[in-house]
Amino acid sequence: MKRLGDGPLEAVVTGAAGGIGLALAEALHAKGVELVLVDVDAVGVTAAATRLGATAVTGDVADPVAMQALADRAPQARLICLNAGIVGPSLGAPWEVPAEEWDRVFAVNVSGVVNGLRAFVPRLLAMDKPAHVLVTASLAGLAVFPGGGAYGPSKHAVTAVVKHAAMVLAGTPVSISMVCPALVATGMSPEGVSPALVAEEALGTVEDGTFAILPEEWRETVVDQVRATVAGSQPAAPVPRV
């Protein structure tokens with residue numbers, strides 16, 4: 001990890017029992033990084049940690065106390081991968097999603113990131129060494145799709161939080177980036193690109209300083225949606241462009 005300097009490196013990965021989180025852990029393990037893996041799935045995260053020689057922590061990122069405790073468990077970590085996220089079972093219009101589902105999706109996807117930043121960033125700044133926060137966002141946080149329940153709005157909040165953090169962290173030894181994939185073949189979706197590919201691209205942002213990664217075929221439609229909003233036009237469903 002070039003931007004984090006030489007010497008031993010410790011990383012924390014949330015949502016590490018499967019999907020992108022597990023792929024991040026596997027890629028980091030291959031680079032010789034010491035790992036602390038976190039998930040609400042105790043069995044899954046323990047299995048992953050055992051296989052990768054990592055430390056397993058069972059915890060809910062939506063709980064700020066649990067995230068502070070996690071930071072205490074990994075005081076030397078300089079790469080924090082805030083990856084944990086959920087979709088929610090309701091994928092219809094906003095009014096079709098139960099109130100408790102809105103609360104839980106936002107608690108994990110948004111508060112989970114904020115809790116991670118609150119727990120780790122002050123410590124990273126105090127270390128005064130190169131450090132990085134990598135956030136798993138989503139294409140659904142940059143483009144608005146019809147349906148999708150609470151997931152898309154939660155990811156829009158995530159991208160806003162990451163942009164805000166990047167502005168505040170400018171000029172410090174701590175950097176932040178986000179990966180915004182489309183469909184990924186994980187527990188959330190049976191279709192999509194490989195989690196390993198997303199992990200590789202995400203970790204590339206740590207090494208080369210890229211702030212955000214999103215699929216090339218979706219970039220123009222993201223810009224078009226913003227232009228339509230600025231122009232006062234009615235929104236249209238995004239489509240990829242090859």
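What counts and what doesn't
- Each chain carries its own residue numbering, running from 1 in the direction its sequence is written.
- Restriction of local features to residues with pLDDT of at least 70 applies here, the model being predicted, together with a cutoff of 80 or more for giving and counting side-chain atom pairs; totals for whole chains, interfaces and linings are based on all residues.
- Only hydrogens and water are set aside; all other atoms, that is, all heavy atoms of the structure, feed into the side-chain values.
- Only DSSP runs of H or I reaching four residues or more are called helices, and only runs of E reaching two or more are called strands; each is numbered from the N terminus.
- Each residue is assigned to one of three classes by its accessible area relative to the maximum for its type, calculated with a 1.4 Å probe on protein chains only: buried under 20%, partly exposed between the two thresholds, exposed over 50%.
- Pairing between strands is defined by DSSP: at least two bridges between the two strands are required.
- Think of it like this: strands point away, you trace from the first strand over the helix to the second, and a clockwise trace means the crossover is right-handed.
- Method remark: on a 1 Å grid restricted to protein atoms, a set of points is classed as a cavity if a 1.4 Å probe fits but cannot get out and as a pocket if it is open with protein on both sides within 12 Å along at least five of seven lines; lining residues have an atom within 4 Å of a point.
- Grid points are joined across faces, edges and corners, and a volume is the space filled by probe spheres set on the points.
- In this classification, the charged set is Asp, Glu, Lys and Arg, the nonpolar set is Ala, Val, Leu, Ile, Met, Phe, Trp, Tyr, Cys and Pro, and all remaining amino acids, among them Gly, are polar.
- Pairing of N or O atoms within 3.5 Å defines a polar contact, subject to two protein rules: one partner must be a possible hydrogen donor and the other a possible acceptor, and residues neighboring in sequence count only if both atoms are side-chain atoms.
- Any two residues whose heavy atoms approach within 4.5 Å are treated as being in contact.
- Residues belong to one nonpolar core when they are buried, are Ala, Val, Leu, Ile, Met, Phe, Trp, Tyr or Cys, and are joined through side-chain atoms within 4.5 Å.
- Here a pair means two rings of Phe, Tyr or Trp (six-membered ring of Trp) with centres within 6.5 Å. Their orientation is stacked below 30 degrees between planes, edge-to-face above 60, and tilted elsewhere.
- Helix span is expected to be 1.5 Å times the residue number reduced by one.
- Note that bend, as reported per residue, equals the angle between axes fitted to the 7 residues terminating at that residue and the 7 residues originating from it.
- Any Lys or Arg side-chain nitrogen found within 4 Å of a carboxyl oxygen on Asp or Glu counts as a salt bridge.

Regarding unusual backbone geometry
Even without a glycine there, the phi angle at D128 is positive, about 55°. Tracing the backbone shows D128 in the loop between α4 (99–127) and β5 (131–136).

A few points about the pairing of strand β1 (residues 10–14)
When you tally the buried positions in β1, you get 4 out of 5 residues, the bulk of the element. One ladder, built from 5 bridges, connects β1 with strand β2 (residues 34–39); its direction is parallel. Its bridge partner being in β2, E10 is matched across the sheet by E34. Taken together, β1, helix α1 (residues 19–30) and β2 form a β-α-β motif whose crossover is right-handed. Of the strand pairs in this sheet, β1 and strand β4 (residues 79–82) are connected by 3 bridges, and their pairing is parallel. In the strand pairing of β4, V12 is matched with I80.

With respect to the sheet that holds strand β3 (residues 55–58)
The strand order across the open sheet formed by 7 strands is β3-β2-β1-β4-β5-β6-β7, and the pairing between neighbours is parallel. Across the chains shown, the open sheet's two edge strands, defined by having one partner strand only, are β3 and β7 (212–213).

Side note on the layout of surface pockets
Unfilled space is identified by rolling a water-sized probe across the atoms. Within this model, the second largest pocket holds a volume of roughly 220 Å³. Along its surface, the second largest pocket is lined by 15 residues, and P181, A182, V193, E201 and P215 are the ones closest to its centre. Examining the composition of the lining of the second largest pocket, we find that 3 residues originate from one element, helix α6 (residues 195–208), more than from any other. Across the lining of the second largest pocket, the residue classes tally to 11 nonpolar, no polar and 4 charged.

What to know about the side chain of T14
Here T14 shows up in strand β1. Using a relative accessible area of 2% as the deciding quantity, one classes T14 as buried. Here N83 takes part through its backbone nitrogen, which lies 2.9 Å from a polar atom of the side chain of T14. Polar contacts involving the side chain of T14 include one to the main-chain amide nitrogen of A84, which spans 3.0 Å. Residue contacts for T14: discarding those within four places in its chain leaves G21, V38, V61, M67, L70, C81, L82, N83 and A84.

Let's talk about the nonpolar core
Core analysis: the biggest nonpolar cluster contains 39 residues, and V12, V133 and V135 have the highest contact counts within it. Looking at this core, the elements that each hand over two or more residues are β2, α3 (64–73), β4, α4, β5, α5 (151–169) and β6 (174–179). Here this core takes 8 residues from α4, the largest share from any one element. For V135, the contacting residues outside a window of four places in its chain are L82, V113, V158, V162, I176, S177, M178 and V179. In terms of nonpolar packing, the next biggest core, distinct from the first, is built from 29 residues, L22, A48, L52 and V206 among them.

Considering the packing of aromatic side chains
If you walk through the whole model with that rule in mind, you get 2 aromatic pairs. Both rings, one in W102 and one in F106, keep their centres 5.9 Å apart while their planes meet at 40°; by these two values the pair is tilted. Of the two residues, W102 and F106 both sit in helix α4, 4 residues apart, roughly one turn of that helix. The partly exposed category is assigned to W102, whose relative accessible area is 22%. Both rings, one in F145 and one in W218, keep their centres 5.5 Å apart while their planes meet at 65°; by these two values the pair is edge-to-face.

Observations regarding α4
Between its terminal C-alpha atoms α4 stretches 41 Å, which fits the 42 Å expected from 29 residues at 1.5 Å a residue. At S111, α4 shows its largest kink, close to 40°. Just beyond α4, the residue with positive phi is D128, at close to 55°.

Structural notes on the pattern of salt bridges
Side chains carrying opposite charge are able to pair once their charged atoms draw close together. Counted under the stated rule, the structure contains 7 salt bridges. Between D224 and R227 there is a salt bridge whose closest N-O contact spans 3.9 Å. Placement of the pair is D224 and R227 together in helix α7 (residues 219–230), with a separation of 3 residues, close to one helical turn. The exposure class assigned to D224 is partly exposed, which follows from its relative accessible area of 26%. D224 is paired through a salt bridge with R241; the nearest N and O atoms lie 2.3 Å apart. Of this pair, D224 sits in helix α7 while R241 sits in the segment after α7, and the two are 17 residues apart along the sequence.

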